[in-house]
Amino acid sequence: MDAPLLKERERATFNVTELIHLLNGSEEETKRRKELESWLYNNPVFRQDDRYQISREEVYERGLQKTRELVNLCRRKNIKFDSLDFARLNISTLEELPFFLHVIMFIPTIRGQGTEEQKRKWLPLAEDLKILGTYAQTELGHGTFLRGLETKATYDVSSREFIVNSPTITSMKWWPGGLGKTCNYAVIAAQLYTKGKCYGIHMFIVQLRSLEDHKPLPGVTIGDIGNKYGFHTVDNGFLRLDNVRIPYENMLMRYAKACDYIPPVNPKINYGTMTSIRVDLVKDASVILAAASTIAIRYSAVRHQTEIRPGEEPPVLDYITQQFKLFPQIATAIAFHFAGDYMHRIYDKVQSEIFDGHLSAITELHGISAGLKAFTTDTSIAGVEICRRACGGHGYSNASGFQRFYENWLGSATYEGENTVMYLQAARYLFKCYDNPKEAPETMSYLRYPQNKMEWNVKSADDVSNYATLITAFEQRALSKISSTAKKLKNLTHYGMNRNDAWNAASVDILHSIKAHCHYFIVKNYMQSLNHLKMSSPLRQVMTAVALLYANYGIDEHAGDFLESGFMNGKQINLVRAKILQLLKEIRVNAVAIVDSFDFDDRFLRSALGAYDGNVYNRLFKWAKLSPLNKTEVHSSYKYLRRILQSKL
Ligand SMILES: CCCCCCCC/C=C\CCCC(=O)SCCNC(=O)CCNC(=O)[C@H](O)C(C)(C)COP(=O)(O)OP(=O)(O)OC[C@H]1O[C@@H](n2cnc3c(N)ncnc32)[C@H](O)[C@@H]1OP(=O)(O)O
Ligand SMILES: Cc1cc2nc3c(=O)[nH]c(=O)nc-3n(C[C@H](O)[C@H](O)[C@H](O)COP(=O)(O)OP(=O)(O)OC[C@H]3O[C@@H](n4cnc5c(N)ncnc54)[C@H](O)[C@@H]3O)c2cc1C
């Protein structure tokens, strides 16, 4: 163990194990998670970290090898795909496997939208991996605008079949994970046509490849869409269907019937699978940012550079600017951890209502999950990059471990709902509640009260250490944005603009409003979660400092909003900034211990900079020697170099 990290750990003022169990939910949860991880990481197939030295094809092949090992493990240990245990295993693999769409979207869509008969037929096949499916909704021409999707499923009454067709090049399915080479089935989103009338998007189970030799079936043109920023193990694919016939029973009909069409009670119930992933992405944002913070903090405690006082080369973690970069990332990761817990609670509650036939809450769930998905993924993507940059040159090396997180996580601003679109969807719900405050859910209860002007009763740095005053600050900032935007929308329509054009004209203000609302919700949920949790006083002192940092940092980051709302003045902003510096100093002694509490296995981080023992430089050198260029002392391309060296200019 590198001495600096040892010293850092000895200085901690709280019990790391207590925080590990708190973040995991309990000691039993911690034990179970570590047991699952050990099964995974003790398998050499999962220890391959030479992924940047092999080709895309080899990376894909490794992905299938890992899939095989994961599936065998699940079978040996009787771990079901819809279990919490599998979810833990999945995040430990960073869900990079070619078949993960099968688990996170194909099966859930059948489970959520199939009739009992359809579930009896398809779920055993899917859960036993007799078939491998993906979720094929996005097309070359449309990903966001689902009502604009062009794939057609036309009901042929005479044969009791659907004819599924890609009428144009833009109607080709494009992006679905595992579609290119892995999956032999898909749930296809298509416009349902019956008796000459279009009834909108419905989901259809379509076989794409032979179960005998995996060759594409007649009428199916299919393949990989090529290299991307990340998810190199995943064969995101394209699919063109040329009048492929499927049985009537292959349309998922829990909520709608095709023959003599019966519409779903709420047409958006077909969008339910996307909502479930958005809910997961909130917690994933916490995991990704916590992993990046772990790497950056441990490295910053080991990396000594330049001088504060002559003759002393301190760990870069002693620089206040380094603390100002990194400690808010730790705080954000914990804030999003609690937001993810909240999202899962709400999701489970609404899901049980839906299964009882009450669909009213799906709009609220959509409004909340769309906003938090956008807010937490945007923020965590930026946070990972802050962590990487804080590690200087070695942060730029693949040996740092950042690229694996960053390249996969970058996509979260786009997949499962492009973030701007998700913000605007959440805003649509927020402004509806603003106009009808009595219908506002608990997360928007502040809209119910008269918007009386308030001033922040803050006179000293101590006042910005009070959860209630901080929550009020974020509430007033959000209210100020929402009410001024609502006024703008009203004026636009008052002077003759129609509602849609007014919405578009005010959409930048609308974006600011929903982001302010999400920020308020995260702060409030974070602080209320800590208040409800039992913990020792040393740990509560640390967690309080981190939560206060999250809130005060948020005020400083958006000071203009808080001043514009008239709720705060310049003097109070300076009190906030003073508080931030005081909190950085307070957190410094525990920084390494806090990231130790995230409890990431080195084999998950795969980082020469963030390994638990802090043995950075030997790990960097060992990693560099793996470079394919170092297989020989003189590279075979020397022949070109020699000509360059011998050529005359
Ligand atoms: C690295 C570690 C972790 C990695 C983890 C990786 C996991 C995932 C990785 C990859 C998988 C990615 C899979 C995909 O990307 S699948 C495809 C995702 N696609 C989308 O999300 C499409 C986004 N577009 C839409 O959802 C819709 O087009 C829309 C933007 C919502 C608009 O829909 P529409 O035009 O029909 O609706 P309107 O705007 O006219 O009206 C909105 C009303 O509908 C209600 N609504 C909309 N969506 C929903 C929903 N999902 N649930 C419930 N209700 C919904 C909305 O509330 C409005 O209701 P109102 O009452 O106001 O009319
Ligand atoms: C890694 C990855 C994996 C994926 N996996 C799958 C999968 O398994 N299955 C699947 O079906 N799809 C998948 N997708 C596709 C993904 O869901 C879509 O790319 C996503 O929904 C965005 O749609 P789009 O590409 O059409 O973007 P667009 O909507 O075309 O976005 C382009 C720009 O237009 C803006 N814009 C669009 N509409 C509006 C609006 N109404 N108001 C304001 N601005 C707007 C957006 O903000 C954005 O800036 C995946 C994508 C990625 C990157």
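Each value, and the rule that gives it
Residues numbered from 1 in each chain as written. Chains lettered and ligands numbered in written order. Predicted model: local features only at pLDDT ≥ 70, side-chain atom pairs only at ≥ 80, totals over all residues. Heavy atoms only, no water. Near = heavy atom within 4 Å. Polar contact = N/O pair within 3.5 Å; in protein donor to acceptor, adjacent residues only side chain to side chain. Areas by Shrake-Rupley, 256 points an atom, 1.4 Å probe, with all protein chains shown as cover. Helix = DSSP H or I, 4+ residues; strand = E, 2+ residues; numbered from the N terminus. Nonpolar A, V, L, I, M, F, W, Y, C, P; charged D, E, K, R; others polar. Salt bridge = Lys/Arg side-chain N within 4 Å of Asp/Glu carboxyl O. Buried < 20%, exposed > 50% of the residue type's maximum accessible area, 1.4 Å probe, protein only. Contact = heavy atoms within 4.5 Å. Phe/Tyr/Trp six-rings, centres within 6.5 Å; stacked < 30°, edge-to-face > 60°. Lys NZ or Arg CZ within 6 Å of the ring centre and 35° of its normal.

Novice: Would you mind showing me how to read the site of ligand 2 here?
Specialist: Of all residues adjacent to ligand 2, which total 19 residues, the nearest are Y135, T138, G143, T144 and E418. For ligand 2, an oxygen atom lies 2.9 Å from a polar atom in the backbone of G143. G177 is positioned with one of its backbone polar atoms (N or O) 3.0 Å from an oxygen atom of ligand 2. Taken by itself ligand 2 offers 960 Å² of open surface, and the protein chains cover 62% of this. Counting residues per element, the shell around ligand 2 draws most heavily on helix α13 (residues 419–435), at three residues. In the shell around ligand 2, the residues fall into eight nonpolar, nine polar and two charged.

Novice: Honestly, the pattern of salt bridges in this entry has me stumped. Any pointers?
Specialist: When their charged atoms lie close together, side chains carrying opposite charge are able to pair. What the rule picks out here adds up to 37 salt bridges. One salt bridge connects D85 with R32, and the closest N-O pair in it is separated by 2.6 Å. Of the two residues, D85 is situated in helix α5 (residues 84–92) and R32 in helix α3 (residues 27–41); the sequence distance between them amounts to 53 residues. The partly exposed category is assigned to R32, whose relative accessible area is 25%. Taken together, the shared-partner salt bridges connect E29, R32, E35, D85 and R88 into one network.

Novice: Where do I start with the side chain of Q118 in this structure?
Specialist: Relative to the assigned elements, Q118 resides in helix α7 (residues 116–127). For Q118, a relative accessible area of 7% gives the class buried. In terms of polar contacts, Q118 uses its side chain to reach the backbone carbonyl oxygen of E249, at 2.7 Å. Of note is the side chain of Q118, whose polar atom sits 2.5 Å from the backbone oxygen of M251. Excluding residues that lie within four positions of it along the chain, Q118 makes contacts with Q113, L123, E249, N250, M251, L252, M253 and R254.

Novice: I tried to follow the packing of aromatic side chains on my own but got confused; where do I start?
Specialist: The description of an aromatic ring pair rests on the distance of the ring centres and on the angle between the ring planes. For the coordinates displayed, the defined rule picks out 22 aromatic pairs. Where F162 meets F204, the ring centres are 5.0 Å apart and the plane angle is 70°; that geometry is what we call edge-to-face. On the criterion of sequence distance, the pair formed by F162 in strand β3 (residues 161–165) and F204 in strand β6 (residues 197–207) is long-range, its members being 42 residues apart. Note on F162: relative accessible area 0%, which makes it buried. What makes F204 buried here is its relative accessible area of 0%. Between the aromatic rings of W174 and F238, the centroid separation amounts to 5.8 Å while the plane-to-plane angle is 25°, which identifies the pairing as stacked. Within this pair, whereas W174 is found in strand β4 (residues 173–174), its partner F238 is found in strand β8 (residues 237–241), the two being separated by 64 residues in sequence. On the accessibility criterion, W174 (24% relative accessible area) is partly exposed. Through a chain of ring-to-ring contacts, three or more aromatic side chains come together here, namely Y155, F162, F204 and Y248. Positioned above the aromatic ring of Y193, the side-chain terminus of K152 is 4.8 Å from the ring centre. Here R404 stacks its cationic end above the ring of F604, 5.7 Å away from the centre of that ring.

None of the figures reported here should be taken as evidence of function without further support.
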